[in-house]
Amino acid sequence: MKKGFSYAFVGAAMLMLGAAVVQADTAEASTLYRAYNPNTGEHLYTQNYNEIPFVVRAGWQDEGSAWTAPDKGVEVHRLFNPNNGGDHFYTLDTNERDHLTRVGWTYEGLSWRSGGKIPVYRLYNPNAKSGTHHYTTDGNERNHLVNLGWRSEGTAFYASEVGKGNPNPAPSPGVTPKKVDVNITAPGGEERNVPGSYRLLYSNRAFDNASLGTATIEFVADVAMVGSGSDYETQFVIAGNGPASGQVGVGLHYQAGNDGNFAQGRINTTNINFPANAGTTGQQYYSVNTNAPGVGSNQSVNLKVRYFDSGYMQAFVNNTLVGQYKTKLVPGGNAYILHVNSTNATAKVRNLKVYKNGADVTTKGQVPFAQTSFDIANDVRDGAY
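This structure is a prediction, so every number in the text was calculated from the model and none was measured.

1. A word on unusual backbone geometry
Positive phi outside glycine occurs at N344, with the angle close to 55°. Within the secondary structure, N344 sits in the loop between β21 (337-343) and β22 (345-356).

2. Points about the nonpolar core
Counting 41 residues, the largest nonpolar core has F219, F236, I238 and L352 as its most contacted members. Judged by nonpolar contacts, the second largest core, of 22 residues, contains L32, W67, V76 and F89.

3. With respect to the pattern of salt bridges
The full count for this structure, using the stated rule, is 11 salt bridges. A salt bridge links R78 to E51; the nearest nitrogen and oxygen atoms lie 3.0 Å apart. One end of the pair, R78, is in strand β4 (residues 74-81); the other, E51, is in helix α1 (residues 51-57), with 27 residues separating them in the sequence. For the pair R78 and E51, a shared accessibility class is recorded, and that class is buried. Between R78 and E108 there is a salt bridge, with the nearest N and O atoms lying 2.6 Å from each other. Of the two residues, R78 sits in strand β4 while E108 sits in strand β6 (residues 106-114), which places them 30 residues apart along the sequence. Relative accessible area serves as the criterion here: at 0%, R78 is assigned to the buried category. Classification of E108 by relative accessible area gives buried; the value is 4%. A cluster of three or more residues bridged by salt bridges with shared partners is formed by R34, E63 and E141.

Rules and cut-offs
Counting restarts for each chain: residues are numbered from 1 in the order of the written sequence. Per-residue local features are limited, in this predicted model, to residues with pLDDT of at least 70; the limit for side-chain atom pairs, both in listing and counting, is 80 or more; totals at the level of whole chains, interfaces and linings are taken over all residues. Side-chain figures throughout are based on the complete set of non-hydrogen atoms in the structure, without hydrogens or water. Only runs of H or I of at least four residues qualify as helices and only runs of E of at least two qualify as strands under DSSP, and these elements are numbered from the N terminus. We define a nonpolar core as any set of buried Ala, Val, Leu, Ile, Met, Phe, Trp, Tyr and Cys residues linked to one another through side-chain atoms lying within 4.5 Å. We call a residue buried when its accessible area falls under 20% of the maximum for its residue type, exposed when it is over 50%, and partly exposed in between, using a 1.4 Å probe and counting protein chains only. Definition used for salt bridges: Asp or Glu carboxyl oxygen within 4 Å of a side-chain nitrogen of Lys or Arg.

In structure tokens, the structure reads:
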């Protein structure tokens, strides 16, 4: 059973939109446009549509219109941080603007105007180093982010109309898979000295699609993690029973760094898929949902993994689907092995449940978990079901 992973740091080419590149437009256009950088997690908001194709060519995603800003109203100031991932910040508050300028931000002038009756909410992600602030007129989006650990900072501005988004969004290509865990991978997820072997790490891998019925086995609990050092994690995994039997699951993982491709510098959601009899040439992989908000240290989140005899797995965080992949496990002796393990971290597990073919079998496994609520540090708890 794998107890952790470490992937190579790959420096992302971060686009920085400073004053020397593209200035904010002060024209009295009414539509405010929004773009998203999947490498850094930042959103750009601008009335200058010429900025949108510029950043799209550099890998950003065009998200269409954010909202309509009035031609007359209170000035919204735009600032740029050249020292922390190229973040932009928007504020009505001249004291906030002046403070940020004194600590190294670049003031880029008037960005748009605030006015109207529709509130634009501001949120802050305490676990991110780039894309730390988000602005939206959508109350559901605000509430979803708060549930995932963002902090609501109230109303930032006002708009005269809500935006229409992008009716034809381009699909996110994700990140080209990269080799990780070189020379340690044996078939089915085992760790062994096999020269030339490796696992692949994906970012935002597209989900497989399938009509799924009742899960053969489902593994669910509320999990919080507190770690130390530059690399720590908790994995929540369903494994087959026997050599090269495979394993699937979801984990909370932290690795220091600022590579936005792999959500470094924050606790992120990591999907794990090592199909049964996967060889040593890359069929085994992880994927990182870099679009998901970071998880706070000691923040309890609900983790859920489902495996289906049809050959699919699903992973959920707070009941949101974060992975659905075609895979295959071999139970062996009609039992699956369920693992919770932590590496360089203390995992607080509460309300653990196991379901088999829809029935609660938490206490009825061949080797059931001794407890359904427990803390583990650099350890493994498992059961056979």
